[in-house]
Amino acid sequence: MTPKLYAEMHPRLYSLAMADAHVGIARHGLLTAQDAADRAGVALPDTPRPTALKLTLPDGTAIWITDNRPLSFTKLAPVLDDTLTPQDWFAMLNTRVFFWPARKTGAGTLTDRLSSGYDSEWQVYDTEKLLSPDGRDFQAWRRSRGKRSPDVVKEVTVRGSIPDAGGALLSTEPARSL
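Read on for a plain summary of the structure. (Residues numbered from 1 in each chain as written. Predicted model: local features only at pLDDT ≥ 70, side-chain atom pairs only at ≥ 80, totals over all residues. Heavy atoms only, no water.)

Focus on the overall build of the protein chain
So, point 1. Broken down by element type, the protein chain carries eight helices and seven strands.
So, point 2. Counting contacts in the protein chain only where the partners sit at least 6 residues apart, residues at least 24 apart contribute 74% of the total.
So, point 3. Accessible area for the protein chain stands at about 10,300 Å²; split by element, carbon and sulfur atoms hold 53% of it. (Helix = DSSP H or I, 4+ residues; strand = E, 2+ residues; numbered from the N terminus. Contact = heavy atoms within 4.5 Å. Areas by Shrake-Rupley, 256 points an atom, 1.4 Å probe, with all protein chains shown as cover.)

Here we look at the nonpolar core
So, point 1. Judged by nonpolar contacts, the single largest core of 15 residues is most densely connected at L30, F99, Y125, L130 and I162.
So, point 2. For this core, the secondary structure elements donating two or more residues are β4 (96-99), α7 (127-131) and β6 (156-159).
So, point 3. In contact with L130, not counting residues within four places along its chain, are L13, F99, Y125, I162, A165 and A168.
So, point 4. Residues A37, L44, L57 and I65 belong to the second largest nonpolar core, which totals nine residues. (Core = buried A, V, L, I, M, F, W, Y, C linked by side-chain atoms within 4.5 Å. Buried < 20%, exposed > 50% of the residue type's maximum accessible area, 1.4 Å probe, protein only.)

A word on the packing of aromatic side chains
So, point 1. Scanning the entire structure with this criterion turns up three aromatic pairs.
So, point 2. An angle of 80° between the planes, with centres 5.5 Å apart, marks the rings of F99 and Y125 as edge-to-face. Taken together, the positions of F99 in strand β4 and Y125 in strand β5 (residues 120-126) put the pair 26 residues apart, joining distant regions of the chain. Per residue, the accessibility class of F99 equals that of Y125, and both read buried.
So, point 3. Relative to W122, the ring of W100 lies with its centre 6.2 Å away and its plane at 70°, an arrangement referred to as edge-to-face. Pair noted here: W100 is in the loop between β4 and α6 (107-116) and W122 is in strand β5, with a separation of 22 residues, a long-range link. (Phe/Tyr/Trp six-rings, centres within 6.5 Å; stacked < 30°, edge-to-face > 60°.)

A few points about helix α2 (residues 21-28)
Residue pairs three or four apart in sequence face the same way in an α-helix, which turns once every 3.6 residues.
So, point 1. Taken as a whole, α2 has its buried residues at G24, I25 and H28. The arc enclosing the buried residues of α2, seen along the axis, measures out at 105°, which places them on a common side. With respect to the buried face of α2, the exposed residues turned more than 90 degrees away are A26 and R27.
So, point 2. Once α2 ends, the next one or two residues include G29, with phi positive near 85°. (Arc of directions from axis to C-beta.)

Describing the side chain of T32
So, point 1. Here T32 lies in the loop between α2 and α3 (33-40).
So, point 2. Taking the relative accessible area as the measure of exposure, T32 reaches 2% and is therefore buried.
So, point 3. If we skip the residues at most four places from it in the chain, T32 touches N94, T95, R96, V97, G160 and S161.

Focus: the pairing of strand β1 (residues 12-18)
So, point 1. Burial runs high along β1: six of the seven residues are buried.
So, point 2. Direction of pairing for β1 relative to β5: antiparallel, over a ladder of seven bridges. Pairing of A17 across the sheet is with E121, part of β5. (Pairing = 2+ DSSP bridges.)

What follows is the structure in structure tokens.
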């Protein structure tokens, strides 16, 4: 499936970020946790982050990397395949950016953020503009899965930073509730 076809089904993608993150996105694009840490000269832990990390880029831009407390080494280890370790899994997550095709899909994350006291914003992106440079062959992936039931997309991940994400950002608003 091309980004254009996916955008016809889901014209908007949603992301939760720390409040005012859109300012940094306009300057630097949407950075993965790993790219943000590399630019800030900070090493990321290969274990769950219990709290958000505030990083400062060389130009003074503040970037927050959210916690990943819900992830557990104990629960991950037995379900990972192909000798993948929990540390490998965290490293992979740190090299991706994440979106939802509907705000309600992010309800659990929003609840966690609110209970942790994080001041957050919803970011609304134009799907086609955001994904076009990074198109993936979704239909080929779906065929490779065999005769399983049809997939419902609950989350969209992109490997690597999206330098021009600011151009696809349509709006932001405080994330106080769904």
